[in-house]
Amino acid sequence: MEFVGKVKNATIRLSLAFARIILALMSLLVMVEVILRWGFSTSTMVSTDFAAYGMGIVFYWGACKAIDDDVFVRMDVLYDSYKGKFKKVINIICDFLLLIFNSNIFYYFFILLMNTIERDLRATNIYQTPLWIPRLLVLLGILLLEIYLVCRIIEDFHKQPEQYSNRELAKMGLQKNPEEEG
């Protein structure tokens, strides 16, 4: 169980670090583009393409942290009321469904990547960027999410049911009130 926790935490750290780097590079590129257009009436001619690649990459590389923080696709109005074995079962079902969904995305994205490499597809921008580069980075993010989800499901099975719901914890002052968020 300790090994699973270490793998899960390493996955989160790696994915978050890479997502931060890509997000910083995207921000820098957009800043440069704005300065070039505003001050020099010219353009990098690739900022839109590269920012779009970056968004796809950041989405999957940042998903592990979002899921770990329980802010990824949850209906808090209902979820915050659950506790005990029911909440544990809901967590396992949700994580398992997300794993199945993500596995399908991984499979079809892998086929897309192989097709991209085989056909040597390139972007239509001035730099003729090989499309396998951003697609490989997205696929690696999807793979990291797969590893994270498997670890999370294993932990879900071994975790003790929660004694109190999030709403009960908020009433006791042990957690921020769910109604105050958002």
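As a reminder, the structure under discussion sits directly above these lines.
Here's what I pulled together on the structure shown here. (Residues numbered from 1 in each chain as written. Predicted model: local features only at pLDDT ≥ 70, side-chain atom pairs only at ≥ 80, totals over all residues. Heavy atoms only, no water.)

**A closer look at the packing of aromatic side chains**
To keep it simple, the criterion reads: The rule is short: rings of Phe, Tyr and Trp, with Trp giving its six-membered ring, pair when the centres are within 6.5 Å, and they are stacked under 30 degrees, edge-to-face over 60, tilted in between. A helix here means a DSSP run of H or I that spans at least four residues, while a strand means a run of E at least two residues long, and both kinds are numbered starting from the N terminus. Burial classes follow relative accessibility: with a 1.4 Å probe on protein chains only, a residue under 20% of its type's maximum area counts as buried, one over 50% as exposed, and anything between as partly exposed.
Within the structure shown, the criterion is met by four aromatic pairs. Measuring from centroid to centroid gives 5.9 Å for Phe50 and Tyr53, while their planes differ by 35 degrees, and the two rings are tilted. Remark: Tyr53 and Phe50 occur in helix 2 (residues 47-68); sequence separation between them is three residues, near one turn of the helix. With a centroid separation of 4.9 Å and an interplanar angle of 90 degrees, the aromatic rings of Phe59 and Tyr60 are classed as edge-to-face. Among the residues examined, Phe59 registers a relative accessible area of 47% and is labelled partly exposed.

**What about the pattern of salt bridges?**
Operational definition: Salt bridges are defined by distance alone: a side-chain nitrogen of Lys or Arg within 4 Å of a carboxyl oxygen of Asp or Glu.
Enumeration over the complete set of coordinates arrives at eight salt bridges. As a salt-bridge pair, Glu155 and Lys8 come within 2.6 Å of each other at their nearest N and O atoms. Remark: Lys8 occurs in helix 1 (residues 2-40) and Glu155 occurs in helix 5 (residues 132-158); sequence separation between them is 147 residues. We note that Glu155, like Lys8, is buried. A salt bridge links Arg37 to Glu33, with the nearest nitrogen and oxygen atoms 2.6 Å apart. Taken as a pair, Arg37 and Glu33 lie in helix 1 at a separation of four residues, close to a single helical turn.

**Thoughts on the environment of Ile21**
Take Ile21: it is sitting in helix 1. Taking the relative accessible area as the measure of exposure, Ile21 reaches 49% and is therefore partly exposed. With 37 residues separating them in the primary sequence, Ile21 and Val58 have C-alpha atoms 9.2 Å apart.

**As for unusual backbone geometry**
You will see that Ser41, though not glycine, has its phi angle at about 50 degrees, which is positive. Position of Ser41 relative to the elements: it lies in the loop between helix 1 and helix 2. Positive phi, normally seen in glycine, also occurs at Gln128, with a value near 50 degrees.

**Structural notes on helix 1**
Keep this limit in mind: By this rule the span expected of a helix is its residue count minus one, scaled by 1.5 Å. In what follows, residue pairs with any heavy atoms lying within 4.5 Å of each other are defined as contacts.
Given a rise of 1.5 Å per residue, 39 residues ought to cover 57 Å, and the 56 Å separating the end C-alpha atoms of helix 1 matches this to within 8%. Listed in full, the buried residues belonging to helix 1 are Val4, Gly5, Lys8, Thr11, Ile12, Ser15, Leu16, Ala19, Ile22, Met26, Leu29 and Glu33. Elements in contact with the buried residues of helix 1: helix 2 and helix 5. Once helix 1 ends, the next one or two residues include Ser41, with phi positive near 50 degrees.

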